[in-house]
Amino acid sequence: MNSNLFESFQLGSNTLDNRIVMAPMTRLRAAGNIPTQLMAEYYAQRATAGLIITECTMISPLSQGYMNVPGIYNKEQVEGWKLVTDAVHAKGGKIFLQIWHSGRVSHSALLGGETPIAPSAIAATGQLHTPIGKVDIETPRALETSQISEIIAQFRQAAVNAQQAGFDGIELHGAFGYLID
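Caption draft 1: Broad picture of the overall build of the protein chain. A tally of helices and strands in the protein chain yields three helices and 10 strands. Its C-alpha atoms give the protein chain a radius of gyration of 17 Å, near enough to 16 Å, the size a compact globule of 181 residues would have. For the protein chain, the spread of C-alpha atoms along the three principal axes comes to 50 × 30 × 30 Å. Counting all 181 residues of the protein chain, 44% fall into the buried class. Contacts in the protein chain between residues at least 24 apart in sequence constitute 65% of all its contacts with a sequence separation of at least 6. For the protein chain, the distance from the average site of its 12 positive side-chain charges to the average site of its 15 negative ones is 4 Å.

Encoded structure:
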């Protein structure tokens, strides 16, 4: 049996050493939503994959769906992610940042008291761990049409910030009832 798994692959402007892709997995290790040295070590240990796709990363403070997820919307987060990209690149790896807005899969306890937003006021099912304990996901408020351009701008800025942090590309998370979904 002949396999191409370990052959290089051209993905846009990125030449991947092999065709193994590490799928994004939520790790919940970002202290204060800022990537840490522990995260840099974690991703660097996996740099022999042809491509690493990071865990979901918030585009704004109001896109948080879980505790301790990293963001990419401020300077400290960009600097934290530089630790990660530098560590992965030092091992010869390629890494994409997965950017995301949790939408209705959130809770006001994660959003500074703000109600989560979604295309309509329909709650997701399930529970979330929050600073006040495990709670049911609450009913979001319907997104105003005027807010769409602001969210698009947040995704755009997250992509710019990802480039500044040294990522080789981005992936938009659009599943599981999150905002884009």
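That was the structure; now back to the text.
Caption draft 2: A look at the environment of E171. Examined against the element boundaries, E171 turns out to sit in strand β10 (residues 169-172). Looking at E171, the relative accessible area reads 26%, which means it is partly exposed. Taking the C-alpha atoms as reference, E171 lies 9.7 Å from P24; in sequence the two are 147 residues apart. Non-local contacts of E171, meaning those with residues more than four positions away in its chain, are made with P24, I53, L97, Q98 and I99.

Caption draft 3: Just the pattern of salt bridges, in detail. Here the structure, examined in full by the defined rule, presents one salt bridge. E79 serves as the salt-bridge partner of K82, at 3.2 Å between the closest nitrogen and oxygen. Taken together, the positions of K82 and E79, both in helix α2 (residues 75-90) and three residues apart, correspond to about one turn of that helix. Given the relative accessible area of 38%, E79 is considered partly exposed.

Caption draft 4: Structural detail: the packing of aromatic side chains. Summed over the entire model, instances satisfying the criterion amount to six aromatic pairs. For the pair Y43 and W81, a centre-to-centre distance of 6.4 Å together with 45 degrees between the ring planes defines the contact as tilted. Linking Y43 in helix α1 (residues 37-44) with W81 in helix α2, this pair joins segments that are 38 residues apart in sequence. For Y43, a relative accessible area of 1% translates into the label buried. Between W81 and F167 the ring centres are 5.3 Å apart and the planes differ by 65 degrees, which places this aromatic pair in the edge-to-face class. Here F167 lies in the loop between α3 (148-164) and β10 and W81 lies in helix α2, a separation of 86 residues in the sequence. According to the relative accessible area criterion, F167 is buried, its value standing at 8%.

Caption draft 5: The arrangement of the nonpolar core in detail. Membership of the largest hydrophobic core comes to 28 residues, with the highest contact counts inside it found for Y43, I72, W81 and V84. Mapped by element, the contributors of at least two residues to this core are α1, α2, β5 (95-100) and α3. Setting aside chain neighbours within four positions, we find V84 in contact with P35, M39, A40, Y43 and I95. Formed by 10 residues, the second largest nonpolar core is a distinct cluster that contains C56, W100, L128 and I137.

Thresholds applied
- Residues numbered from 1 in each chain as written.
- Predicted model: local features only at pLDDT ≥ 70, side-chain atom pairs only at ≥ 80, totals over all residues.
- Heavy atoms only, no water.
- Helix = DSSP H or I, 4+ residues; strand = E, 2+ residues; numbered from the N terminus.
- Rg over C-alpha atoms; globule rule 2.2 N^0.38 Å.
- Buried < 20%, exposed > 50% of the residue type's maximum accessible area, 1.4 Å probe, protein only.
- Contact = heavy atoms within 4.5 Å.
- Lys, Arg positive; Asp, Glu negative; His and termini not counted.
- Charge placed at Lys NZ, Arg CZ, Asp CG, Glu CD.
- Salt bridge = Lys/Arg side-chain N within 4 Å of Asp/Glu carboxyl O.
- Phe/Tyr/Trp six-rings, centres within 6.5 Å; stacked < 30°, edge-to-face > 60°.
- Core = buried A, V, L, I, M, F, W, Y, C linked by side-chain atoms within 4.5 Å.

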